[in-house]
Amino acid sequence: MTGEIALQQTVGTESVSILQSLAVTSPFLVLGGGALLLLLLSVFIRERLSSSAFCAVILVCSLYALWRVVGVGDAALPVSAFAGMVAIDRLSAVLAGVILCGALMSVCLSAGSLRRNGVDSPAEYYVLLLIATAGAMLFCASTEMVTLFLALETMSMALYCLCGSAISRRESAESALKYFLLGSMSSAVMLYGIALLYGLTGSLSFEGIASGLAAADDRFLVNVAMALTLVGFVFKIGSVPFHFWAPDVYQGAPTFVTAFMATTIKAASVAAFLRVLWTVFGSQFVFWSSFISVTALLSMVVGNFLALRQRSVKRMLAYSSVANGGYLMLGLLAPGEVAGGQQAIVYYLVAYLLLTMGALGVVLIVSESNKEGSDDIRQFEGLRRRSPILAGLMALFMLGLAGLPPGMAGLIGKIYLFSSAVRAEFMGLAILGILASVIGCYYYLNVIVAMYFRKSGEQAGSNHGNHHHLHNQDDSQHGDSQAEESAFTPINISSGRAAVLWTCAVLVIVLGTFPSVIYDLTLPRPPVIVKVAMADGVLE
Amino acid sequence: MFSPSILETNLLSVLTWLPLMAAVLLYLPVFSPKADPHGGRARVFAIFAGGLVFALSIPLVTRFEVANGGIQFEEVYDWIAAIGVRYRLGIDGVSLWLVMLTTFLMPLVYVASSSVEKDRRGYLASMLVLQCAMTGTLAALDLFLFYVFWELMLAPMYFIIGLWGGKNRIYATLKFVIYTVVGSVLMLLAVLYVAWRAYEQSIAVPFDISLLTQSLTLSFREEMLIFLAFALAFGIKVPIFPFHTWLPDAHVEAPTGGSVVLAGVLLKMGLYGFIRFAYPLAPRAAEYFGPTLAVLAVIGVIYGALVAWAQSDIKKLVAYSSVSHLGYCVLGMAAFNSIATSGSIYQMLNHGVTTGALFLLVGALYDRKHTRQIADYQGLAGKVPVFAAIFLIFTFSSIALPLTNGFVGEFLILVGGFKTFPILTVICGLGVILGAVYMLTLYMKTCFGELNADKNGDLTDLNRRELVTFAPLLVLVFVMGIYPQPFLDRIEPTLDRYFTEVNARSERLASVSPISAEERATEESKDDSLGVLNLQAEGSLRSDEIKLIADR
C-alpha cells in the first residue's frame, strides 16, 4: 500500500496552497458548482432547459477535471488537498471515474422519461443526482473522519430525496421514508463510533487514528468504537444483518435511481470501507476480519436464498446486490499486494456496475412498456419475440451476474475475489462463496427462462406477421400462435438507453476478455515484479 | 486474418474462434428475418463456415508428428496475469481426433438444420458458438481456460434445447443446466484449490496442466478430494451411471442437431476431462477409485442396455444406448492401460459417428411423421429401402459387428480391460450381447413386417440432402472399422508418454508424501516438512523460471 505511505508524507508538509487544493478537488467542485448552477437556471429558464443534458455535461466536465488531475502522470499521485482532508490516489481516482461513468449512464437511462415514471421536477432531480455523485466521490477520497462523514451525509441526503422523487407514487415515498429512517439511524451509530475513535486517539485524520489505535490499551473501547463505525458502512453496502432496507428501497425507488444506487453508491461505499478498514483499522485485522467474514458469509447465503423467491425482477436484483456485497467483502479480507484484494474489488465493482446498470436498464424499458409499469417476471415472458435485442442483452447481463460465459466480466471478477480470499487464507469462506453463487445461477437463469422459453401471457393486437414461427411443430402450436399475437407489442428504446445497454454489453465482454486493463489500474507496480517478489518470499 | 502465417502459428485459435466469428456475422442484416425469411442463406453460410473450419483442420492431421507424443500446435499467451492464468492451447494424440470429430460433425449438423423451421438463424448461431466452445475445451491446456470454455458450452446448449426442443423442453433444459452447473462448480473449486497449492509451492504458472503434472505436490487426502470433485463434474457430463438421468430427457427434448452434438461431442468432454486433468493431477486417487469407476461403468453398460431394450420411443432408446456405450469408454479409461485407453478414445470417436448418425436417422423419420414411437413404424424396409439400408449399417456399427468401427473400439476395450478387471470385463461382454438384442429388436420392429399403409403409406425415402449428410458417416464407419491404424498410430505415442508421465508422477508423489493410513492425523505436518525439503531441492530450477518470467 505505497499509496497510503506516500500520502502520509504529503500530509505532513503544509506546503500545499489553497489554489493547489482547489485544483486537486476540481472534480468535486465542478459537480457542486454545476448543481447550484442548474438549480439557479431552473428557477429562471425552466421551460427552455434540458436538465438531463445539462447534468450530463457537468458530469463530463467533472470527468475531464479528474483526468486533468490524474492524467498529469503517475508521479503526481497521490495528491492531497486541504491539509490532508481529501486525497486523490489510485483507488479514489479510479473509483471517481467509475462513479462518474455510472452517474452518466443513469442520466442516459432517465433522460426524457422522468415524468413517465412519476418524477415531476426534472431540474431538482438532476441537482440531487449531481450532489449525490459529488458526495459519493468525496466519500471514497476523504482521508479524515469529518470529511468522510460529511461526504456520507451529502450523498445520503441527496439519495433519500432521489428515492422519493416520484412524488405521485406511494412506493417511492415509502422507500424514501424507510431509507431515511434507517439510514439516519445508521449514520448516527457511525458518528458515535467516530466520536469514540476521536476520544481514544485524539485525532480525526486516518493516519492519526491508525497510530493512536495501535498504541491504545483500552481494548474494549477500541472494539466498540470500531464495531460502531463498521456498522455504518455495512448498512450502506446493504449487507446482512443490515440489509433490510435494500429490497424495499430498491423496489420502490424509480428504476433509474435504483440503477444509480445499486452501482455507484455501492462502489463508493465499498471503496470507502476498504480505505477505513485497511488504513485506519489496519492494525486491528484480527478483530474486524472475523466481523467481516461473518457478514460476508451471511450476505452471500441470505441474499442468494431470498432472491430465489422474488417475482419482481427489481427486488430480485436488490437481493442479488446484497449477495454481491458479500462477494465484495471477501476482497476486503485480503489486504496487501500479494493477496490483491483491492484490485479484485475494483475489478468486480466495475463488472458489477456494468452488469447491474444494464440489467436495470432493461427492467426500466420493460416496465415502461406495460400499462401498470410493473417489473414482475411475468412481464419478461416472451420478451424474445417482442424485442430480440433487448432479450439478448438481458440474457448476457444475467449470465454475467451468474458468473457464466459469455458474461465474462462477472466470471473473472468472481474469480479475482475468490482467489484473493484464498491467498489471504480464507479458503473455507471462498468455498462457501462459490457454493452460494451457484444458487444465484437459478434465479438469474429464471429470467432467461421467462424471456426465451415461456410464452407471453398478454393478449394483444391481431397482427399475425412473421409466418415462419407458425411452422413450429410442437403440440403447443395453439399457445404459440397466441404468443405470436402479443409478440409485436412494440418496445421503443431511446438512443440514450440503447447506448448505455450496448456500452455495458460490449464492455462486459471486452473487460472480461482483457481483465488486466482494469485490474492493473490500481496496482502500484507492474505485476511482473510483484510476482517475483512473491516467489522470493515463498522461497526464503 | 487468413494470411498463411497465422494458419502456421495459430491454427488452433483459428479453428476455435472462426465459428464464433461466423456466429456474429450471422447477425448481419443480410440474414435478418426480412431479408432471409426461411433462414436459407443463414444455413448456406453456416455450412460454408463449418466446411471452411473442417478444411482448415485437416492440417492438424497431416502436420501432426506421428511419433511425437507431446503437445503440438502449441500457443501460449498471458491472459490474467494477476493470478497466473495463461491462454495456452495445444493438442496431442488424444485431443487431435476429438477436435477432428468436432470439426467433422458440425458441418453435418449445419446441413441437417434444414429441418429447423423456427428462427433458424438463432439456431445456427447457437451451434456455431457451441462449436467454438467445444474446440476450445478440447484444445485448452490451462485449467482456468478449460473451465471457461467448459462453461461456455452450457449457454448455447441451454438455448438449443430450450428454444428448439420438444414439449417438455423447459424441464429438460433446467435439469441439464442444474446437473451441469453443480458439476462445474465442483470443478471450479478443485481448479482453484489446485492453483492455490501450486501457488504456495511457487510453481511458475499455477494453472498450467503440464507444469502441474510435473511438479505439483499433493497429499493423498488432497488428491482424493480433488479427484472426487473432478470425477463428479466429468462423471455428470459423461454420464456415469447414477448421474445419467438428465441425459435421456435432454436427448428426447433436444432437436435433432442438438442430440447429434450432445451425443457426438459433448458427452466425450467428460471422458476427455478425466484423461487430461483428473488422472494426471491425482494419479494415486485415480488408482484408488479405479475399481469403483469400473463397477459404475459396468452397471451403466448393463443398465443402459436393459432400459434401452424397454423403450417404446426410438430416440429414448438411442439415448439409453449412449449411456451403455459410454460405459465401455469409462471402463476402458478406468482400466488404465495403453490398450484399453486407446480403445476408449477410439470408441468415443465411433460413438460420435454412429450415434450421431442414428439420431439423424430418427430425426429424418420424425420430420416426416412427427412421431418417434416404435409402434408407429413397421415394414419400412419395403417402403423406404435406402433409409432401411443405412439404418442397418449404423445398427451393425452400434452393435460392434466386425468390419465396422464399433468392433475395433469395443475389442480394444475388452482386451485391455481384461488385464485389469477380468470379472467386470466378462460381465461387460454380456452388455455387448444385450446391445445386439435391443438394436436388432428395434430394427426388426421398425423395418420388417407388414407396412401399415394408413400410417406410413406416404412415407418418402431419404432425399439428396440427407444422403449427403449420411455419406461421410457411412464412409467413416467402414474406414475406421477396416483400417484403424492411422488413427491408433497417432493415439499410441501420446498414450505411451502419458502413462510414463502419470506413473512417474504417481511414484514421485508416493515418495514425497506417502500414504500413512494410521497416521492420517499427523500427515499434514509431515507433508509440509517434506514440501519444504522439496522446495529447497528444486530451488535453483525455480529461480531460473522466475527470472524467465521477469525477463518477459
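Throughout, residues of each chain are indexed from 1 in the direction in which the sequence is written. Labels are handed out in written order, letters beginning with A for the chains and numbers beginning with 1 for the ligands. Predicted model: local features are reported for residues with pLDDT of at least 70 only, side-chain atom pairs are reported and counted for 80 or more only, and whole-chain, interface and lining totals are derived from all residues. In computing side-chain properties, one takes all heavy atoms of the structure into account and sets aside hydrogens as well as water.

J.: Which residues make up the overall build of chain A, and what values go with them?
T.: In terms of helices and strands, chain A carries 23 helices and 2 strands. In chain A, which comprises 540 residues, the share counted as buried stands at 61%. Within chain A, contacts between residues at least 6 apart in sequence are counted, and of these 80% link residues at least 24 apart. Using the Shrake-Rupley algorithm and a 1.4 Å probe, accessible areas are obtained, with residue cover drawn only from the displayed protein chains. Carbon and sulfur atoms make up 66% of the accessible area of chain A, which amounts to about 19400 Å² in all. In this description a helix means any DSSP run of H or I spanning at least four residues, a strand means any run of E spanning at least two, and both kinds are numbered starting from the N terminus. Whether a residue is buried, partly exposed or exposed follows from its accessible area with a 1.4 Å probe, protein chains only, as a fraction of its type maximum: under 20%, in between, or over 50%, in that order. Here, two residues are considered to be in contact whenever any of their heavy atoms come within 4.5 Å of each other.

J.: Explain the side chain of Arg86(B) to me, and be specific about the residues and the numbers.
T.: Mapped onto the elements of the fold, Arg86(B) is located in strand E2 (residues 85-91). Pairs of N or O atoms within 3.5 Å make up the polar contacts considered here, provided that, within protein, one atom can donate a hydrogen while the other can accept it, and that residues adjacent in sequence are counted only when both atoms are side-chain atoms. In terms of polar contacts, Arg86(B) uses its side chain to reach the side chain of Asp208(B), at 2.4 Å.

J.: Could you give me a rundown of the pairing of E2(B), with the residues and numbers involved?
T.: All names here are of chain B. Burial runs high along E2: 7 of the 7 residues are buried. Neither face of E2 is open: one carries Val85, Tyr87, Leu89 and Ile91, the other Arg86, Arg88 and Gly90, and all of them are buried. For two strands to count as paired, DSSP must find a minimum of two bridges between them. The pairing of strand E1 (residues 72-80) with E2 spans 6 bridges and is classified as antiparallel. By the bridge assignment for E2, Tyr77 is matched with Tyr87. Here E1 folds back onto E2, and the loop between the two strands holds 4 residues, one of which, Gly84, carries a positive phi near 80 degrees.

J.: Tell me about the interface of chain B and chain A, and name the residues and values.
T.: Counting from both sides, the interface comprises 44 residues of chain B and, opposite them, 51 residues of chain A. By definition, the buried area sums, over both parts, the 1.4 Å-probe accessible area that each loses when the two are put together. Of the roughly 4700 Å² buried at the junction of chain B and chain A (both faces included), carbon and sulfur atoms supply 74%. By salt bridge we mean one thing: a side-chain nitrogen of Lys or Arg within 4 Å of a carboxyl oxygen of Asp or Glu. Linking chain B with chain A are 1 salt bridge, by the criterion used here. A salt bridge links Arg384(A) to Asp119(B), with the nearest nitrogen and oxygen atoms 3.1 Å apart. For the pair chain B and chain A, the number of links is 4 residue pairs in polar contact (both at pLDDT 80 or more).

J.: Report on helix H3 (residues 26-44) of chain A, specifying residues and quantitative values.
T.: Residues and elements named next belong to chain A. Here, expected helix span is obtained from the residue count minus one, scaled by 1.5 Å. Taking 1.5 Å of rise per residue, 19 residues should cover 27 Å, and H3 covers 26 Å from first to last C-alpha, within 8% of that figure. What H3 keeps buried is the set Ser26, Pro27, Phe28, Leu31, Gly34, Ala35, Leu38 and Ser42. As for H3, its buried residues are in contact with helix H2 (18-24), helix H4 (51-70), strand E2 (86-88), helix H5 (90-110) and helix H6 (122-141).

J.: Can you tell me about the confidence of the model for chain A, naming the residues and giving the values?
T.: This prediction gives chain A a mean pLDDT of 83; 86% of its residues lie at or above 70. One number per residue, pLDDT, summarises how confident the predictor is, and it ranges from 0 to 100. Under a pLDDT of 50 for its full length, residues 525-540 of chain A has, in the predicted model, 17 contacts with residues more than four places off or in other chains.

J.: Summarise the confidence of the model for chain B; cite the residues concerned and give the values.
T.: The predicted coordinates ought not to be read in detail in places where the model reports low pLDDT. Residues and elements named next belong to chain B. The pLDDT averaged across chain B works out to 85; a share of 93% of its residues lies at or above 70. Low pLDDT, under 50, characterises residues 521-552; the predicted model gives this stretch 33 contacts beyond four residues in sequence or across chains. Listed scores for the predicted complex are pTM 0.87 and ipTM 0.83.

J.: Residues and numbers for the packing of aromatic side chains, please.
T.: Here the aromatic set is Phe, Tyr and Trp, taking the six-membered ring for Trp, and pairing holds for ring centres within 6.5 Å; pairs whose planes are under 30 degrees apart are stacked, those over 60 apart are edge-to-face, and all others are tilted. Taken as a whole and assessed by the stated rule, the structure comprises 54 aromatic pairs over all chains. A centroid spacing of 6.0 Å and a plane angle of 75 degrees characterise the contact between Tyr327(A) and Phe418(A), whose relative ring orientation is edge-to-face. Highlighted residues: Tyr327(A) in helix H14 (residues 313-332) and Phe418(A) in helix H18 (residues 408-423), separated in sequence by 91 residues. By relative accessible area, which is 2% here, Phe418(A) ends up buried. When the centroid spacing of 6.0 Å and the interplanar angle of 40 degrees are considered together, the rings of Trp79(B) and Phe144(B) count as tilted. Within this pair, whereas Trp79(B) is found in strand E1, its partner Phe144(B) is found in helix H6 (residues 143-152), the two being separated by 65 residues in sequence.

J.: An account of the packing of helix H12 (residues 255-280) of chain A against helix H15 (residues 341-368) of chain A is needed here, citing residue identities and associated values.
T.: All names here are of chain A. At a closest axis distance of 8 Å, the pairing of H12 and H15 adopts a crossing angle of 170 degrees. Considered as vectors, H12 and H15 are oriented roughly antiparallel to each other. Contacts from Thr255, Phe256, Thr258, Ala259, Ala262, Thr263, Thr264, Lys266, Ala267, Val270, Leu274 and Trp278 of H12 reach H15 at Gly341, Gln342, Ile345, Leu349, Tyr352, Leu353, Thr356, Met357, Leu360, Val363 and Leu364. Residue classes follow a fixed rule: Ala, Val, Leu, Ile, Met, Phe, Trp, Tyr, Cys and Pro count as nonpolar, while Asp, Glu, Lys and Arg count as charged, and any other residue, Gly among them, counts as polar. Among the residues making up the contact of H12 with H15, the classes are represented as 15 nonpolar, 7 polar and 1 charged. Helix axes use the C-alpha atoms of the stretch in contact, all axes being lines fitted to C-alpha atoms, and the angles between their N-to-C directions lie in the range 0 to 180 degrees. Between 65 and 115 degrees an angle is taken as roughly perpendicular, under 35 as roughly parallel, over 145 as roughly antiparallel, and anywhere else as oblique.

J.: Report on the pattern of salt bridges, specifying residues and quantitative values.
T.: Residues and elements named next belong to chain B. Summed over the entire model, instances satisfying the criterion amount to 22 salt bridges over all chains. Its salt-bridge partner being Glu200, residue Arg197 comes within 2.9 Å of it at the nearest N-O pair. In this pair, Arg197 and Glu200 both sit in helix H8 (residues 169-200), 3 residues apart, roughly one turn of the helix. Since its relative accessible area comes to 12%, Arg197 is described here as buried. Given a relative accessible area of 28%, Glu200 falls into the partly exposed group.

J.: Quick one: what's the story with the nonpolar core, residue by residue and with numbers?
T.: Within this scheme, the nonpolar core is defined by two criteria: the residues are buried Ala, Val, Leu, Ile, Met, Phe, Trp, Tyr or Cys, and they are joined through side-chain atoms within 4.5 Å. With 398 residues, the main nonpolar core has Phe380(A), Phe227(B) and Phe274(B) as its most contacted residues. It is H15(A) that contributes the most residues to this core, 20 residues altogether. Residues within four places of Phe227(B) in sequence aside, it is in contact with Phe274(B), Ala278(B), Tyr279(B), Ala282(B), Ala285(B), Ala286(B), Phe289(B) and Leu293(B).

J.: With reference to specific residues and values, describe a nonpolar patch on the surface.
T.: Residue and element names in this part refer to chain A. A surface patch of nonpolar side chains, amounting to about 560 Å² of accessible area, comprises Ile18, Leu19, Leu22, Leu29, Phe82 and Met85. By residue number, the principal contributor to the nonpolar patch is H2, which donates 3 residues. Tracing the backbone through its elements, the reader meets Leu29 in helix H3. The patch calculation keeps residues exceeding 30% relative accessible area without a salt bridge and links them within 9 Å when they carry like charges or within 5 Å when they are nonpolar (Val, Leu, Ile, Met, Phe, Trp, Tyr).

J.: Would you mind going over the state of the cysteines in detail, with residue names and values included?
T.: As used in these notes, a disulfide is a covalent bond between sulfur atoms, one from each of two cysteines. Residues and elements named next belong to chain A. Cysteine sulfur atoms are paired as a disulfide whenever they fall within 2.5 Å. For the coordinates displayed, the defined rule picks out 0 disulfides over all chains. No disulfide involves Cys108; its nearest neighbouring cysteine sulfur is the one of Cys55, lying 9.6 Å away. Classification of Cys108 by relative accessible area gives partly exposed; the value is 28%.

J.: Help me get a handle on the environment of Met348(B), residues and values and all.
T.: Residues and elements named next belong to chain B. When you line up the elements, Met348 lands in helix H15 (residues 338-369). By relative accessible area, which is 1% here, Met348 ends up buried. The spacing of Met348 and Asp78 is 270 residues in sequence and 32 Å in space, taken between C-alpha atoms.

J.: How would you explain H5(A) if you had to name every residue and give the values?
T.: All names here are of chain A. Taking 1.5 Å per residue, 21 residues should reach 30 Å; H5 reaches 30 Å between its end C-alpha atoms and fits that length. The element H5 is largely enclosed, with a buried count of 17 among its 21 residues. Downstream of H5 by a residue or two, Gly112 has a phi angle that is positive, lying close to 80 degrees.

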